[in-house]
Amino acid sequence: MSTLGLYNPQPVTRESATSLTMSLLKIQSLSKIYRTDTVETTALSNVSIDIEQGEFVAIMGPSGCGKSTLLNIIGLLDSPSSGQYFVHGEDVSGYNERKRAEVRKTTIGFVFQSFNLIDELTVAENIELPLIYTRLGKAERKQRVQEAMDRMNIAHRAKHFPQQLSGGQQQRVAIARAVVNAPKLILADEPTGNLDSAMGEEVMGLLTELNKAGTTVIIVTHSLRDAGFAQRTINLLDGSVLRAEVSTQVIH
């Protein structure tokens, strides 16, 4: 009987256990297969990558190469069909949704191309959303929201609604929401895709500042300019890692 697509972890050796302690994220032989009654599509095939705490990494490749699928698995929005995924040395590959949500809540902040702000909420209320599901009191939540708005230079828009903001301002709000819970990891899917070049460069500068302050940043991008802000670029093709390159000239 074929076990293709079933969660089938490999044992962790002493050598791999040692390397796990050095990585924020470690992916080993990871695959993702989508199935219907008649079609089987391999989105990722035998992907292995390590990402250290404090890195700034860009994931690039043509449309349909598996970039967003990989980012969704890294962000625990999806689970792999096979292989292992470690966060801080703990194998999260087989976590159910409740356990994945716990890790997301404490470890990961998300930034999306389309901003994903809620139109009916003000800037401050949108930023506060990740804190609603924590045990923080109202005063602590308010303080964290204020700090995030100050950090992103958007506090003067606190009572405005998303439709009253420019695209660049909306992305500032989205980044403030991503960092309000002080995550160790920021995942950004085409963060400048809906922005003009000037606003896009400003957003990449904000992500760079967060990285300099110690936050690990992973972006998916089609833009060579955006990838130039990263310390390392992972190139995907047809669901596999084609090559990983260290940037020779990081943009500051």
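Structure shown above.
Residues numbered from 1 in each chain as written. Predicted model: local features only at pLDDT ≥ 70, side-chain atom pairs only at ≥ 80, totals over all residues. Heavy atoms only, no water.

Student: So what exactly am I meant to see when it comes to the sheet that holds strand β8 (residues 216-220) here?
Tutor: The strands making up a sheet are joined through hydrogen bonds of the backbone, oriented either antiparallel or parallel. Reading across the sheet, the 6 strands line up as β6-β7-β8-β3-β9-β10 and stay open at both edges, with mixed pairing between neighbours. Among the strands making up the open sheet, the edge pair consists of β6 (108-112) and β10 (240-246). The mean angle between the axes of side-by-side strands here comes to 15°, regardless of whether they run parallel or antiparallel. Pairing analysis gives 5 bridges linking strand β7 (residues 185-189) to β8, with the strands arranged parallel. Residue pairing for β8: Ile186 is matched across the bridge by Val217. Together, β6 and β7 form the strand contacts of helix α3 (residues 97-107), whose direction differs from that of β6 by roughly 80°. (Pairing = 2+ DSSP bridges. Helix = DSSP H or I, 4+ residues; strand = E, 2+ residues; numbered from the N terminus. Axes fitted to C-alpha atoms, helices over the stretch in contact; angles between N-to-C directions. Contact = heavy atoms within 4.5 Å.)

Student: I tried to follow the sheet that holds strand β2 (residues 40-51) on my own but got confused; where do I start?
Tutor: Spatially, the 4 strands line up as an open sheet ordered β2-β1-β4-β5, and their pairing is antiparallel. Where the open sheet ends on each side, the last strands, each with one partner, are β2 and β5 (90-91). By the bridge criterion, 2 bridges tie strand β4 (residues 82-87) to β5 in an arrangement that is antiparallel. Counted as the bridge partner of Phe86 is Asp91 from β5.

Student: I'm lost on helix α6 (residues 167-179) in this one. Help?
Tutor: Each full turn of the α-helix corresponds to 3.6 residues, which orients residues three or four apart in the same direction. Across its 13 residues, α6 extends 19 Å between first and last C-alpha, which sits within 8% of the 18 Å expected from 1.5 Å per residue. Counting buried positions along α6 gives 12 out of 13 residues, so the element sits mostly inside the fold. In the core, the buried residues of α6 are packed alongside β6, α4 (123-132), α5 (138-151), β7 and α7 (197-212). (Expected span 1.5 Å × (residues − 1). Buried < 20%, exposed > 50% of the residue type's maximum accessible area, 1.4 Å probe, protein only.)

Student: Explain the packing of aromatic side chains here, please?
Tutor: As enumerated under the stated definition, the model contains 1 aromatic pair in all. Where Phe110 meets Phe112, the ring centres are 6.0 Å apart and the plane angle is 10°; that geometry is what we call stacked. If you follow Lys99 out to its NZ or CZ, it ends over the ring of Tyr95, 4.3 Å from the centre. (Phe/Tyr/Trp six-rings, centres within 6.5 Å; stacked < 30°, edge-to-face > 60°. Lys NZ or Arg CZ within 6 Å of the ring centre and 35° of its normal.)

Student: Sorry, what's going on with the pattern of salt bridges here?
Tutor: Pairing between side chains of opposite charge can happen when the charged atoms of each approach one another. Considering all chains together, one arrives at 12 salt bridges under this definition. Across the salt bridge formed by Arg172 and Glu202, the nearest N and O atoms sit 2.7 Å from each other. With Arg172 in helix α6 and Glu202 in helix α7, this residue pair connects regions lying 30 residues apart in the sequence. With a relative accessible area of 12%, Arg172 lands in the buried category. Exposure remark for Glu202: the relative accessible area of 32% places this residue in the partly exposed category. Linked through salt bridges whose partners overlap, the residues forming this network are Glu97, Arg100 and Arg104. (Salt bridge = Lys/Arg side-chain N within 4 Å of Asp/Glu carboxyl O.)

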